[in-house]
Structures are given as C-alpha cells and as structure tokens.
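Structure at a glance
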Number of protein chains: 4
Amino acid sequence: MIRYMTAGESHGKCLTAVAEGLPAGLKISEDYINRDLSRRQYSFGRGERLQYIEKDQAKILSGVRWGETIGSPVSLSIENKDWENWGKIMSLSEEDKADKFCLTRPRPGHADLTGVLKFNRHDTRDILERASARETAARTAVGSLCRRLLEEMDIKIYSFVTEIGKIKAKTKGLSHEEAFDLAEKSQLRCPDKHAEGQMIKAIQEAKANGDTLGGVYTVVVTGCPVGLGSHTHWDLKLDGLLAQAILSVQANKGVTIGRGFDVARAKGSEVHDEIFYESGRGFFRKTNNAGGIEGGMTNGEDIVIHAAVKPLASLRRPLKSVNIKTKAEMTAEIVRSDVCPVASAAIVGEAVTATVIANSFKQKFGGDSVKEMRDNFLRYIDYLKKY
Amino acid sequence: MIRYMTAGESHGKCLTAVAEGLPAGLKISEDYINRDLSRRQYSFGRGERLQYIEKDQAKILSGVRWGETIGSPVSLSIENKDWENWGKIMSLSEEDKADKFCLTRPRPGHADLTGVLKFNRHDTRDILERASARETAARTAVGSLCRRLLEEMDIKIYSFVTEIGKIKAKTKGLSHEEAFDLAEKSQLRCPDKHAEGQMIKAIQEAKANGDTLGGVYTVVVTGCPVGLGSHTHWDLKLDGLLAQAILSVQANKGVTIGRGFDVARAKGSEVHDEIFYESGRGFFRKTNNAGGIEGGMTNGEDIVIHAAVKPLASLRRPLKSVNIKTKAEMTAEIVRSDVCPVASAAIVGEAVTATVIANSFKQKFGGDSVKEMRDNFLRYIDYLKKY
Amino acid sequence: MIRYMTAGESHGKCLTAVAEGLPAGLKISEDYINRDLSRRQYSFGRGERLQYIEKDQAKILSGVRWGETIGSPVSLSIENKDWENWGKIMSLSEEDKADKFCLTRPRPGHADLTGVLKFNRHDTRDILERASARETAARTAVGSLCRRLLEEMDIKIYSFVTEIGKIKAKTKGLSHEEAFDLAEKSQLRCPDKHAEGQMIKAIQEAKANGDTLGGVYTVVVTGCPVGLGSHTHWDLKLDGLLAQAILSVQANKGVTIGRGFDVARAKGSEVHDEIFYESGRGFFRKTNNAGGIEGGMTNGEDIVIHAAVKPLASLRRPLKSVNIKTKAEMTAEIVRSDVCPVASAAIVGEAVTATVIANSFKQKFGGDSVKEMRDNFLRYIDYLKKY
Amino acid sequence: MIRYMTAGESHGKCLTAVAEGLPAGLKISEDYINRDLSRRQYSFGRGERLQYIEKDQAKILSGVRWGETIGSPVSLSIENKDWENWGKIMSLSEEDKADKFCLTRPRPGHADLTGVLKFNRHDTRDILERASARETAARTAVGSLCRRLLEEMDIKIYSFVTEIGKIKAKTKGLSHEEAFDLAEKSQLRCPDKHAEGQMIKAIQEAKANGDTLGGVYTVVVTGCPVGLGSHTHWDLKLDGLLAQAILSVQANKGVTIGRGFDVARAKGSEVHDEIFYESGRGFFRKTNNAGGIEGGMTNGEDIVIHAAVKPLASLRRPLKSVNIKTKAEMTAEIVRSDVCPVASAAIVGEAVTATVIANSFKQKFGGDSVKEMRDNFLRYIDYLKKY
C-alpha cells in the first residue's frame, strides 16, 4: 500500500507530508517535486501573495539517500516563506493570543463557520488556516513522488482546463498529448488559444468586480495496464477511489469518468466501447467513452476524469455573514485570495490521481524495489500479450 | 467506525454482508430491510427475471436479538431464489466444470474482459457474476441498517430520478420531501408525472430496439447536524467519501454535490450561501448551492447529491466483441438484464449515502448504544444553539 | 491486501466470515476447511457439547467456483447444529423476549460485566454469545483459506502444546516438524507422550473440582522467504501484527517471538543469530533465537511464536459475582464450557498466524491469480540466490 | 480515530511525525513533549552519543496555536543535532555517493541483512538508519500528545523496570504509583534501590566485555473507564492492539497482559477477579490478575502490561557475519550503540500504549473538542454509576 498524511496551516511554519510505501531505488530529487509545485503555483488568476511571496519549495527530510528512495517513509516539508510576518498570529505560545488577531466573520462557501462550530473554536482562523487550498501544495508534492514512480512504469498523467466561467475551450480533434502540450504553454492550462484570451478577459472582469470564477478541468492517465482497481469489492473500485481523491480537493464539486453526465443521456448502443483484437497488440478499443474504466478497473485505455471547480469563496466584495461572537449581521471577512484557481486545481487533480494510481499499481504488482515492481509489471504485460 | 464487507455472486447461493460498528439497542427487523430491497427491486425498466423470480429477502443471521442490535456484527444473507437452476453452473465442485457453461464473448462496458485478464480466468462468468449490479442488493441491505440508525438521530435520506435518456423531469418548486413523496409513488422514481410518461415510452422504445437507457438521480439527506466529516485531512472530507460511495456503484459515471458542474460556470458572488442567524435557531442559510457541504463538512443544510448512470452494457442487440479463446471477432454475450436501472440505482445511491453518513456520525459522536450516541448528539445540538 | 470480517453468536443461527483479497485460481474445498475445524474442535478437555453436538462444518457461500477461487470475496458459514434448541433464546423477534432467559450474574474473567456496561445491555447473554471462543471457528475457517494459499508458496504452519497447568512437555531435540507430527497424534497436541499423560490427569482432576486449566502453545511457520513485514513503519512490523493476531484470540494473555522473555535475561553475545553464507543456498543461520523475525521482518528462518492461554473463566464451581439487576452478591452464572482449551487455542493460533502471513505475502508479491503471485515470488527467490 | 505516521532516519536531518484526530482545545507545549523525550533519552546504560550529543527536542510544526490544538493534524520534528557530521553520508544528492561510506557487514539480530535483501539495497546503512530505535523518539513525541489528552480524562500511564539481565527487582507490596515514583528517581527506572545497584554493576560488566543486556519492563494505565476496546471483532480487541503496539517497538520480543505466562500455570479458580459492588462506587474487583482487560475490553482496573526487551544487537565485540558484496565471512559492523536500553524502552512502551488508549477512547466517546469528548465521557461515567 502507498499511503500518506499531510499537516500544516496556510500561514504556519510549514506544510508537512509523510508518504509511506514507495519502493526503494526510485530516483527522485527536490527539483523534480518543485517542478510540480511551480506548475501548481503559477497561473493567471492566482493572487499576488501566492505568486510573488511564496515560491514553494519542497524539502525532502527523509526516505531518500544519494538520489534514491531507500524504502523508508519519505517526509516532505514546504516552508512558509512569509513566516516571519505570521509568527504572532500563528504562534505556538498562549502568550501571543490576542483578540485583535481573531477573525469572527465566517465566509460563506468556506469551512469557517462549520469548522468553528464543530471544533468549538471562536476564531475562524483556527479553521481556515487548515481548510485553505494551500494544503494542496503538500498533496502536490506527494503526487510528484507517485508520478515519478509511475513514470518508471511508463504511466503518465496530464491535465488541461476546458472551461472557465462561461467560456469553453475547443479541444475536439486534439489528442490528450496535444492538449496537454498546449496546456503546458498556457497561463491558464487551456489548450485553446482563442478561448484562453476570453478566459483571461473574464478573469480580469471578475477581479475588477471583486468576484471569482470557477471552471472545469480534465485529468488524463495514459499507459495504465488492464486491471488496476477491482470489481470485487466496493472499496477497491478505481472509479470510486478516483472520485474520492478529486472531491477531497478544495472547491471541487463534481467529478465524472469518461463521458460523465453526457453518457446518462445516450443509448447503450452508442456509449460502450466495442472490443477488438490484434495479434501482438492484444485486445483494444477504438473508442473510449468509458474513460478507461470498466467494472471499477482500468481497461487499458486512457483514464479520463473531468472535474468541476466552484468559484472561490473568498470574495473581495464580501457576502452577508454573521459575527460569531456578537451574532450581529455583517459582511464576511476579506481574506487575500485568488480570483480563479482552476489551472492550479488541475495540477492538484493530477497529483491526487497519481496517488490513487500508484497505490493501485502497488497493490497489483507488489514489490519493495522499483526493479522488483517493474519486473512483476513487465511479466504481467507479457502474459497479457499471450493470453 | 461503521464498516462493512459484502460477498456473493449474482447467481450464487446467496449474497452476504457483514456490518460492524452499529451501536447496541437499535430496533431493526428483516421487514424493515426488505422494504428497501423491494424499493430497489421494483421499477419500470427492470428485467423480468429480477422482478418475478427473485423477490429479494434479507435474513439477519447475527447481531440482532429480540428485535434489537446487541453490538456485535450484523450479518445478512440474501438468498438466490433461483439457485436450483444454477447449481451446476455456479457449483463449488470441480466435477461440474464444463465447457458448455463457459462464456467467452466479453460485453463492452462491463468488467468481463478486464476481469478475465486481471484474474487470469478463461470464462467471463467468473467475473460478471461478481461485477453484476445484483451485488448492490447487499449494499442496500447494509444501507438499511444505517438508515435505521440515522432515523434515531432524525436524519432522513431521500432519492428521486430527474432524467432518463433525453427526458428531464421538472422538479422546480418542489421541496425535497415533496419530490420524494411523488417519487415513491412513481414506477420510475420520477416526481414529474408528465416526464414519467415520456420516460416510460423511451424505455419501451429502447427495449423494442434491444437497447438500454441511463439517467440521472438525486439523493438528499436531511437533518444532518453541522460538522459531519472534517476539513482537516483529505480522507476525512465528506464530499470525497460520498463521491467514492456513489462512483463505487455499478454504472455510475458522474457525481456532484450541490449545483455541481453548473456551479463551475457561475460567479462566486452568485453561488455561495450567505450566513444568517436567529436566536433559538442558530446559524442558517436561505440558499443551498453548496449542497449541504462546505470545507468537507456538513453545514446543516440538506446534502444534495446528483449522480449520472450510464445505460446498461448488457444489450439484447449486442456490440462487437472478440472470443477470448479463439480471438475471433464476434458479437458479445447476451445476458438477461434490465433496460433502464436508474430508479434502482437511486435506491442504491440512498443506501451507500446512508453508510457514509452513519459512519461519519459515529466518528463524531461515538457511543456503543443508541442511547449513548443519541445523548452525545443531543448535547451537541444543545451546544450549537448556545454557541 | 487480504482482510476479513467475522460475525455470529455462539448459539445463533450460524457464524459468518467474509474474506477478501485471495487471488483467483486457488484450489479449495469445504473438506479442506473442515479438516481444520475438526482439528480445532476435538481435543481432550473440551466440553461434551462442543464435541458431540456441534461437529462444525463450513459452507462456502461465494467466491469459489468449480473448485477454485475466482477473485471475489469468499464467504463462509458455519451453522449451529443445535439451533432448534436456541430459537427462542436467540430469536430475532422482540416477541420472544422473556426475563426467564436473561442471564444476570456476570462471570469474572469474561466479557460479561464489561460488555453489558459498555453496550448498555441488561442480559449478559447479549455479550457472552459474541465474546465466546466459539467465534474462533470462523477465524479458523478463514485461516484455512490463507493456509491453502500459503501451501502454494511452500509455506507451512504448525502448532503444538508445550504446557498445561503445571506440566511441561519435553520437546528438546525435536525438530518443529517432528514435534508437530507427534502433536497431530495427541489428543492434547502435546508432542511428549509422558507429559501428555500427566496433563490428562491434571485436566481430569480440574474437571472433578469444577476447575479449569490453561497452558502454553507454540506456532511455527516454515518456508517464509526473507522480507515479509517491514522495518519501515510501526504498523508494518510483522512481530507487532502477529502479536495482535494472537492476543486478539480469546483467553490468550501473553505472546513471544523466538526465545521471548528468556531472551531478556541473556547477554547480547548469546542470543543473536550469526550470519553465514553458502553459494547456492545464500545467507543462512545456524541458530534461531530471534524466532525468524529481525527488524520486524522475516529473516528466512522458522517463525516461532509462543502463547500463554489462561484457564477458562467459565467455572462449574463458580466465583463470586453480583447480580447486575439487583446488585446482590451471588455466584456467577454457570455456562457449559470446556475444562482446558489449549489444544484448540493452538489451532486457532495457527489460523490467525496464517492470516497475517498471507496478508504480508500478498503485500510483498501482489498478484491477482495464484500463478501471478507465485511467479512473482519465485523470481524473488531467484533474485535472492543471486544477490 | 487517532492515527499517526512517522518518518526519518537515525542520522538524517530530522525525525518527523504527523498525528491526526486529536480534538481541538487540548493544551500542549513543546516543553511537555520534551519532558518525555528526555525521560526516554537519559538512563544508565545508554551510549554517550545519545546522551551527550543529541538532546532531543521536538518542534511542533502545525496543529497547535496559542497553546492549544485546533483540530488539524499535529506535525512534529525532532532534529538531528549532529546533522553537520552526517550531511555527506546521508545526503539527498547522488553526487555524494561513495563506496567508503557503505556498510556491508550486517549485524545479526538487526534488520540489516533482511532489509538489504528485501529492498534490494547494497549498503546496510540504507536499512539500519530507519530500523534504528532512534525512530522511537518520534513515537514518544506522538505518545506525549496522547498522554496529554488522556490526562484531561484522568487517565495516567506509568512504567518501571523490573528486570535487567539476570537481576530482578522486588516490587511486591508497592502500589503502581509508588513503583512509578521510585522509578522516576532511578537512572534505570528500577523501583528497587538494591536491585538497581546490581543492575548497574551488570551493565558495567557487560560494557567492559563489549556485550549488551536486555530486561523486562511494566507499563500501567490507571483511570480507564470500563469499556475501551471491544469484544465484538478481532481487530477491536484492546489486548491485541496493545500487543501490536508493544511488539512493534524495536527489540521487544514478548508481551503479556496481567499475570501473563504465569497465568497459564494456575487454576481457573485462582486467577479470575471476582466481582463486587458498592453503591456509589459501582462494580469493582479486589484483585487484578486480568491486568485490567477482560474480553478485549478495559474492565475499570489498572491495565498492566509486561514486555521483554532483548539485549541490543549492536555489539562492540561483534558476532560472525558475511560481507554482502564479497560473501566473505567476517565480523559484523560495529555501530555506536547502547549497552542496555530497557529504561528507555519502558518510556517508549508508555508512549505506544498512550496512542492505543487515546484512539480507543476517541472511538468510544467521539468529540471534536476536548470539552465535547470530556462531556461525553463524564456522562458515561455517570451512567455507569447509575447502571
């Protein structure tokens, strides 16, 4: 099993992650992880704080030696570059407690109100610091480790943005790789240059109005062998696990596999992917409406996930709220934030997908070293061809 | 923790479920569970076999005594009423093995092909028997136990169908309770009488063509207190757990919370649910775009889940496939099945939602007896009012 | 992962187990499992009820077809042959509730008192039915499935009894296999004929006095490759997992690996197993003080576990207790039971050990079919030889 | 659920722990944790390195603000004070790889050999760095958090050492509290002054001979309410969970609850703790042979655990081994280490016991704040009195 935990508050000292179960002998560097952190961090529509003050950098604190994993848990730390300005507000010490720092006007759409009630707190900062999407930097770093492992198995994970606000990108005719290549060059991860221009305008307009925008992104996994996940028990079904991963990401409110809701409106004869066979190649499909998953298992085609991201709930022109102490009606706290996080959400979507795929891969193939895991995998591929 | 496992093949002796973690002192009967099994089983568009041969009946084998749970695991069995006709095909004994019983033409859209490759089998029946949606009868029974528990906490779970094929029901203006009441009287769980008529026609037409239809259903949970789930760790987020539960159900390909994909196209100022307060009532909202979940936690409003069900992959007019033994191209196996399972899927959706909510409820309130759990809950409700 | 749940009360309809994660293609029969159930059931010192009324027989309800596992969960049922006499007392129906059936005098040493307090019950039968060691029949059946899998990997699990009451068997000079062979022929699983005679006498004497006896047994696992379990995280350490399995068995109060408490009194220079190497054979040891586990991992030598079983708490000459309703002091309930269960406990010890080893095996080697798992395993063995 | 993961190598940058599930509002400081780290670190018989170079200090990196937990995961870091001397040997960078740093002579009794084989490594340092008992500093820190929580519930955890090598302490007549108080003043955690003197001599002698010593320690938990753990399912039984925790600690080879192996040699009539009742006090016992656990649950008496620690496997006068590269016979690596770690092991025993008890406590009482948890607990205590 590959599993992980994360910790850390948005303006605390650092984010921490511990990932356990990676095989030994996996080449990995901080630079590799930081590439993904950077991809997550920089996009049009993100706040200035995030882009200028905090260039995220992961430090590997354990589990890697001389360029390779050694089998022990990998711990990662992403420091808060702005910590010096937060030392009192986020201090460990009771002495630094001060009413003036307390936030009492919960923002609709956030964990603020629900959190203070659940945990019996009286300062929404106790909640929002952890609920913040900044936590996804830690998951992105863990996702990087998993992505690195999957690369060794020739499995790749892509993402691109297809909608922002009411603007839809045209991606028809593009292969997943092409869409991804275009996305990597776009400041919004949008593979359609024309749509990107409109999206930027929409974001600028939203920003001018103190408003925010959401959107839709796609994650694609290529190279998965037939048979990750399982049809045999509800909690082994890969589509369920992927859906959990995606909807556990802040602001994600919908997830589909393959054609998604659209498939609900089609006929059975139109949507199932017929089966073909070629000697040497084995079984294959000419269509992929299923999005790579049948019966809770990968079927060898690309996994295709779509996710809906709501517009952020931190509005510069705040909504109505209530002071949690006085119960007086007032507008919500204004907290520095982004206008449109969809491009970043897509990278987080890649990351959490990587964790699920890597774990299901390890469950199928076992292996305590990359070599053992890969040997087991290759023999299975060989078996598939001869089946 | 409330957890459960299921076992059993579609045409095997029986389905089995073991559920662990229910508090003692919960009144429960087989009749109560059978009511849900019946709701799952009977709807327009389901196959004749399912509706006439197999009236599902759960037997409680342990964990309940003199009308009440006693704290030990509850085991449930749902017998295959048609077992006498399947004894050879599904026999335990190697002696009954016979080529004539083997299925070798995998159905696109099913686990058939993927499963035989993953598990190294050469008869797709070894896969399809477990991958079949019949397994959801066991989950429905477990869901009933959880629903019964939630009733004691005044939490209720509803469902209704909003789309079948290209037909959409009109539900505007209906409260969740009203939509549910209408759905309970509809043979398609559709609260819109007019749409229901069109849906029936569409199903009849699909049936005539050997085709199938999918659709969209809604699950609603009322009465949840603020604070089930948690914002603090990715695998505690309630939206993630609900999404896993829903997409782990056969044929479900998409899931959203609240306004779902639609929310991705709106502005932040339009979609977040402003916060109000009234003495005696506490905090509340006038809108529910979030679908009852903010920051991975219930916010006290109704939980609203939408799910997309693909048209079934068992077509009477079969798709192209390949014989797994000879590798010759041929049409897929024809297996007796339904035309449109959306109404049943909605009941399963209720059930798996119940398991997630019951588990999160127990994690928050603990308790080894219903009384202890409910006392802990009521005191929390009291605290919320005074917060 | 291989995991399992059990359910069922001692005098309920049946015990149920669901085991998930066994690879497909494992040959298994009810007879195979019943052999272990019988080994658990019949020994000198067990009560008449157990030996004469209830010849345990497992039924496989799912997961096996035509003599082989098919990858889906295996469910097992062990019926209560005496159910007809218990239908009212253990009835599902509230109508059968009757004061006359209620037990109110908790037995010291049992779950009775603790259980009724925890679960808020007022009849100790609600507790003792599940707490009873009869539940271990279900674990024994699951252990059989795991043992069958391990056989395919040339891993074997033995047990024998070394102490009953104050009598100790002499096993010095016997190999584990020899001790096991002698134990299989003994009605007390004792490899020392002379000691067995004394043990029988001690049991007869205890029985005559309305008393009970405990003892010590040994479980040995042979054939494990180097490297099951892991040193990398506390909850992967194999000694910890084995200890949990053993102390989760009713009446087991102590567990050691290798030389156990005795090792605490020796010097380091005396107890560590020096390392040798021979070409073709690889690394090996000439001693096995470690009991086959170093650093939480198998080291290739036999795993040796010792467990202490307390004398049963169901005494025919009962201890002091208190009526839970009236609070009056009185003697404890007398419940029909065994005098000395150590031989049976040893078989259960084998079973739970098998579940832990099978699970750790699957985690290392993966595999969805026995063939895939075994191929991965054999290549690892080959790699070890060439290391 | 309260759960945790640890990471970090003995001579790496730092140890890291992430603990999740602690309720909000728990007062905690680094000083509190450091007190336990210090108790673990300083005892007679520990190596100079450990005692002089590395005064362990935990830093809380998240989850605590203004002196209290806030509900989010608590991350802890314990830096390696000697890191500057290890930067090359434990470097992240492939460039620092150098044969001269590689260790190739595995130490019998350690994970060294098993680990390099399992993980396909060729330098035993890749294994021993993680397998080292230094990792228990991280578990001790997590245990401190749990201990702090349990204090709020009036539950306390003690330990003392009863044997070192062949010397046994006399503790007869001492209450657990008295034994603990004496232990806290002893440099070997031994409550018997006379025995302590002999133990020190034995350790000095072992040290002079390049040898090591093990021993036996006791952990006691006072104040647990009736009903932690559960009789209902094997993996909820508290004795199993405690045994796992203890045997997952490096060098621990045996664990017992209550009278342990001794109980196996007694009669049933001698060992079960009779039940008494007093109005106002409720049910109680006059003896505690069971060690506080019956039926896998706490019975309200002190939990008493004994654990056997083997003599350390790092000998200054090394045992026979084999060079893993050349396969030549030679003596094992000499790694700086302790002579007798039993006093430290006892503190780690306290810590891992605290994690198990805290988790079972949370499972029974739920609660997201200390206040909610404690209120639920107190009401249960009240219910017990009225039962």
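To be clear, the structure that these remarks concern was listed above.
Residues numbered from 1 in each chain as written. Chains lettered and ligands numbered in written order. Predicted model: local features only at pLDDT ≥ 70, side-chain atom pairs only at ≥ 80, totals over all residues. Heavy atoms only, no water.

1. Notes on the overall build of chain A
From N to C terminus, chain A includes 11 helices and 17 strands. For 387 residues, the compact-globule formula gives about 21 Å, and the C-alpha radius of gyration of chain A, at 22 Å, lands near that figure. Here the C-alpha coordinates of chain A stretch approximately 70 × 50 × 40 Å along the principal axes. Burial statistics for chain A: of 387 residues in total, 70% are counted as buried. Contacts in chain A between residues far apart in sequence, at least 24 positions, make up 70% of those at least 6 positions apart. For chain A, the computed accessible surface area is about 12400 Å², with 50% contributed by carbon and sulfur atoms. Looking at charge distribution, chain A has the averaged site of its 57 positive side-chain charges lying 2 Å from that of its 51 negative ones. (Helix = DSSP H or I, 4+ residues; strand = E, 2+ residues; numbered from the N terminus. Rg over C-alpha atoms; globule rule 2.2 N^0.38 Å. Buried < 20%, exposed > 50% of the residue type's maximum accessible area, 1.4 Å probe, protein only. Contact = heavy atoms within 4.5 Å. Areas by Shrake-Rupley, 256 points an atom, 1.4 Å probe, with all protein chains shown as cover. Lys, Arg positive; Asp, Glu negative; His and termini not counted. Charge placed at Lys NZ, Arg CZ, Asp CG, Glu CD.)

2. Quick word on the relation of the copies chain D and chain C
Superposition of chain D onto chain C requires a rotation of 180° combined with a translation of 0.0 Å along the rotation axis, giving an RMSD of 0.0 Å. In the structure described here, the two chain copies are related by an operation that fits a two-fold rotation axis. Relative to the rotation axis, the closest C-alpha in chain D is found at Gln-244 of chain D, a distance of 2.3 Å. In this assembly the copies share their binding face: 100% of the residues contributing to the interface of chain D also contribute to that of chain C. (Least-squares fit on C-alpha atoms with pLDDT ≥ 70 in both.)

3. Focus: the pairing of strand S12 (residues 282-285) of chain D
Sheet faces and side chains relate simply in a regular strand, where the side chains alternate between the two faces. All names here are of chain D. When strand S11 (residues 275-278) meets S12, the two strands line up antiparallel, connected through four bridges. Opposite Phe-276, over in S12, you have Phe-284 as the bridge partner. Where S11 folds back onto S12 in an antiparallel hairpin, the turn is made up of three residues, including Gly-280, whose phi is positive at roughly 90°. (Pairing = 2+ DSSP bridges.)

4. Quick notes on the interface of chain D and chain C
Counting from both sides, the interface comprises 102 residues of chain D and, opposite them, 102 residues of chain C. Contact between chain D and chain C buries roughly 8700 Å² in total, counting both sides, with carbon and sulfur atoms accounting for 62%. For chain D, the biggest contributors to the area lost against chain C are Trp-234, Lys-253 and Tyr-387 of chain D; these three give 10% of the whole. For the pair chain D and chain C, the number of links is two salt bridges. Between Glu-163 of chain C and Arg-265 of chain D there is a salt bridge; the shortest N-O distance is 2.7 Å. At the surface where chain D touches chain C, the tally comes to 45 residue pairs in polar contact (both at pLDDT 80 or more). Examining the composition of the side of chain D that touches chain C, we find that seven residues originate from one element, helix H3 (residues 112-119) of chain D, more than from any other. Partitioned by chemical class, the residues of the side of chain D that touches chain C number 46 nonpolar, 32 polar and 24 charged. The sheet contact formed by strand S10 (residues 252-257) of chain C and strand S10 (residues 252-257) of chain D spans three bridges and is antiparallel. (Buried area = accessible area lost by both parts, 1.4 Å probe. Salt bridge = Lys/Arg side-chain N within 4 Å of Asp/Glu carboxyl O. Polar contact = N/O pair within 3.5 Å; in protein donor to acceptor, adjacent residues only side chain to side chain. Nonpolar A, V, L, I, M, F, W, Y, C, P; charged D, E, K, R; others polar.)

5. A few points about the relation of the copies chain A and chain B
Mapping chain A onto chain B calls for a screw motion: a turn of 180° about the axis and a shift of 0.0 Å along it, with 0.0 Å RMSD after fitting. Interface overlap between copies: 100% of the residues of chain A at the interface are likewise at the interface in chain B, consistent with a symmetric, same-surface contact.

6. Topic: the environment of Arg-317 of chain B
Residue and element names in this part refer to chain B. Note on placement: Arg-317 falls in the loop between strand S15 (303-309) and strand S16 (320-322). Arg-317 sits in the exposed class, given a relative accessible area of 56%. In this structure the C-alpha to C-alpha distance between Arg-317 and Asp-211, which are 106 residues apart in sequence, comes to 6.7 Å. Leave out the neighbours within four places in its chain, and Arg-317 touches Asn-209 and Gly-210.

7. Focus: the side chain of Lys-237 of chain A
Tracing the backbone through its elements, the reader meets Lys-237 of chain A in the loop between strand S9 (215-222) and helix H8 (238-247). Despite being buried, Lys-237 of chain A has no salt bridge partner; Glu-135 of chain B is the closest side chain of opposite charge, sitting 4.9 Å away. Look past the residues within four positions of Lys-237 of chain A in its chain and what remains in contact with it is Ser-230, His-231 and Gly-296 of chain A together with Arg-139, Ser-248 and Gln-250 of chain B.

8. Concerning the packing of aromatic side chains
If you walk through the whole model with that rule in mind, you get 50 aromatic pairs over all chains. Arranged with centres 4.5 Å apart and planes meeting at 40°, the rings of Tyr-158 of chain A and Phe-180 of chain A form a pair that is tilted. In this pair, Tyr-158 of chain A sits in strand S7 (residues 156-164) while Phe-180 of chain A sits in helix H6 (residues 176-184), placing the two residues 22 residues apart along the sequence. Each member of the pair, Tyr-158 of chain A as well as Phe-180 of chain A, is classed as buried. Ring plane angle 65° and centroid distance 6.4 Å describe the contact between Phe-283 of chain B and Tyr-387 of chain B, whose orientation is recorded as edge-to-face. Placement of the pair is Phe-283 of chain B in strand S12 (residues 282-285) and Tyr-387 of chain B in the segment after helix H11 (370-386), with a sequence separation of 104 residues. The residues Phe-283 of chain B and Tyr-387 of chain B share a single accessibility class, namely buried. Of the aromatic side chains, those joined through ring pairs into one cluster are Tyr-277, Phe-283, Phe-361, Phe-365, Phe-377, Tyr-380, Tyr-383 and Tyr-387 of chain A. Cation over ring: Lys-118 of chain A sits above Phe-119 of chain A, and NZ or CZ is 5.5 Å from the ring centre. The residue whose ring lies beneath Arg-35 of chain C is Tyr-32 of chain C, and the NZ or CZ to ring-centre distance is 5.7 Å. (Phe/Tyr/Trp six-rings, centres within 6.5 Å; stacked < 30°, edge-to-face > 60°. Lys NZ or Arg CZ within 6 Å of the ring centre and 35° of its normal.)

9. Regarding the interface of chain A and chain B
With 102 residues of chain A at the interface, the matching set in chain B holds 102 residues. Roughly 8700 Å² of surface becomes buried between chain A and chain B when both sides are summed, with 62% attributable to carbon and sulfur atoms. Three residues stand out in chain A for area buried against chain B, namely Trp-234, Lys-253 and Tyr-387 of chain A, and they jointly supply 10% of the buried area on that side. Applying the counting rule to chain A against chain B returns two salt bridges. In this assembly, chain A and chain B are joined by 46 residue pairs in polar contact (both at pLDDT 80 or more). Take the side of chain A that touches chain B: its biggest share by element is seven residues, from helix H3 (residues 112-119) of chain A. Split by residue class, the side of chain A that touches chain B holds 46 nonpolar, 32 polar and 24 charged.

10. Observations concerning empty space enclosed by the protein
Taken as a whole and judged by the stated rule, the model has 15 cavities of 30 Å³ or more. Within this model, the second largest cavity holds a volume of roughly 760 Å³. The wall of the second largest cavity is formed by 45 residues, among which His-110, Ser-132, Ala-133, Gln-250 and Leu-312 of chain D lie closest to the centre. Contributing elements (two or more residues each) for the lining of the second largest cavity: strand S13 (293-294) of chain C together with helix H2 (48-53), helix H4 (125-131), S10 and helix H10 (342-365) of chain D. Counting residues per element, the lining of the second largest cavity draws most heavily on H10 of chain D, at three residues. Its residues assigned to classes, the lining of the second largest cavity shows 17 nonpolar, 15 polar and 13 charged. (1 Å grid on protein atoms, 1.4 Å probe; cavity = no way out; pocket = protein on both sides within 12 Å on 5 of 7 lines; lining within 4 Å. Points joined across faces, edges and corners; volume = space filled by probe spheres on them.)

11. Quick notes on the packing of helix H1 (residues 30-41) of chain D against helix H5 (residues 136-152) of chain D
Residue and element names in this part refer to chain D. Packing of H1 against H5 leaves a shortest axis separation of 9 Å and a crossing angle of 130°. When the axis of H1 is compared with that of H5, the two are oblique. Crossing handedness for the pair H1 and H5: right-handed. For the pair H1 and H5, contact is made by Tyr-32, Ile-33, Asp-36, Leu-37, Arg-39 and Arg-40 and by Thr-136, Ala-137, Thr-140, Ala-141, Ser-144, Leu-145, Arg-147, Arg-148 and Glu-151, respectively. Residue composition of the contact of H1 with H5, grouped by class: six nonpolar, three polar and six charged. (Axes fitted to C-alpha atoms, helices over the stretch in contact; angles between N-to-C directions. Parallel < 35°, antiparallel > 145°, perpendicular 65-115°, else oblique. Left-handed = near helix turned anticlockwise from the far one by under 90°.)

12. Details of the packing of helix H10 (residues 342-365) of chain C against helix H11 (residues 370-386) of chain C
Residue and element names in this part refer to chain C. At a minimum axis separation of 9 Å, H10 and H11 run at an interaxial angle of 75°. Taken together, H10 and H11 sit at an angle that is classed as roughly perpendicular. Of the residues in H11, those in contact with Phe-361, Lys-362, Lys-364 and Phe-365 of H10 are Met-373, Asn-376, Phe-377 and Tyr-380.

13. Notes on helix H6 (residues 176-185) of chain C
Residue and element names in this part refer to chain C. All buried positions along H6 are accounted for by Ala-179, Phe-180 and Ala-183. Looking straight down H6, one finds its buried side chains confined to an arc of 100°; they lie on one side. In the core, the buried residues of H6 are packed alongside helix H1 (30-41), strand S7 (156-164) and H10. (Arc of directions from axis to C-beta.)

14. What to know about the sheet that holds strand S9 (residues 215-222) of chain B
A sheet is described by the order of its strands in space; here 10 strands give the open sequence S8(A)-S7(A)-S9(A)-S15(A)-S10(A)-S10(B)-S15(B)-S9(B)-S7(B)-S8(B), paired in antiparallel fashion. Two strands bound the open sheet, and with one partner strand each, they are strand S8 (167-168) of chain A together with strand S8 (167-168) of chain B. Relative to S15 of chain B, S9 of chain B runs antiparallel, the two being bridged by seven bridges. Each bridged residue has a counterpart across the sheet, and for Thr-218 of chain B the counterpart in S15 of chain B is His-306 of chain B.

15. Concerning the nonpolar core
The biggest cluster of nonpolar side chains holds 192 residues, and the ones touching the most others in it are Tyr-217 and Ile-357 of chain A together with Tyr-217 and Ile-357 of chain B. Of all hydrophobic cores here, the second largest spans 191 residues; its members include Leu-26, Val-142 and Val-221 of chain C together with Ile-164 of chain D. (Core = buried A, V, L, I, M, F, W, Y, C linked by side-chain atoms within 4.5 Å.)

16. Quick look at the pairing of strand S15 (residues 303-309) of chain C
Residue and element names in this part refer to chain C. Across the seven residues that make up S15, a large majority, six, are buried. When S10 meets S15, the two strands line up antiparallel, connected through five bridges. Paired with Thr-256 across the strands is His-306, a residue of S15.

17. Points about the pattern of salt bridges
When their charged atoms lie close together, side chains carrying opposite charge are able to pair. A full pass over the atoms with the stated rule returns 144 salt bridges over all chains. Residue Arg-134 of chain C pairs with Asp-56 of chain C through a salt bridge whose shortest N-O separation is 2.9 Å. One end of the pair, Arg-134 of chain C, is in the loop between helix H4 (125-131) and helix H5 (136-152); the other, Asp-56 of chain C, is in the loop between helix H2 (48-53) and strand S3 (58-62), with 78 residues separating them in the sequence. A salt bridge links Asp-126 of chain C to Arg-121 of chain C; the nearest nitrogen and oxygen atoms lie 3.0 Å apart. On the basis of relative accessible area, Asp-126 of chain C is assigned to the buried category, the value being 6%. Taken together, the shared-partner salt bridges in this structure form one network comprising Lys-27, Arg-65 and Glu-68 of chain A together with Glu-94, Arg-121, Asp-123 and Asp-126 of chain D.

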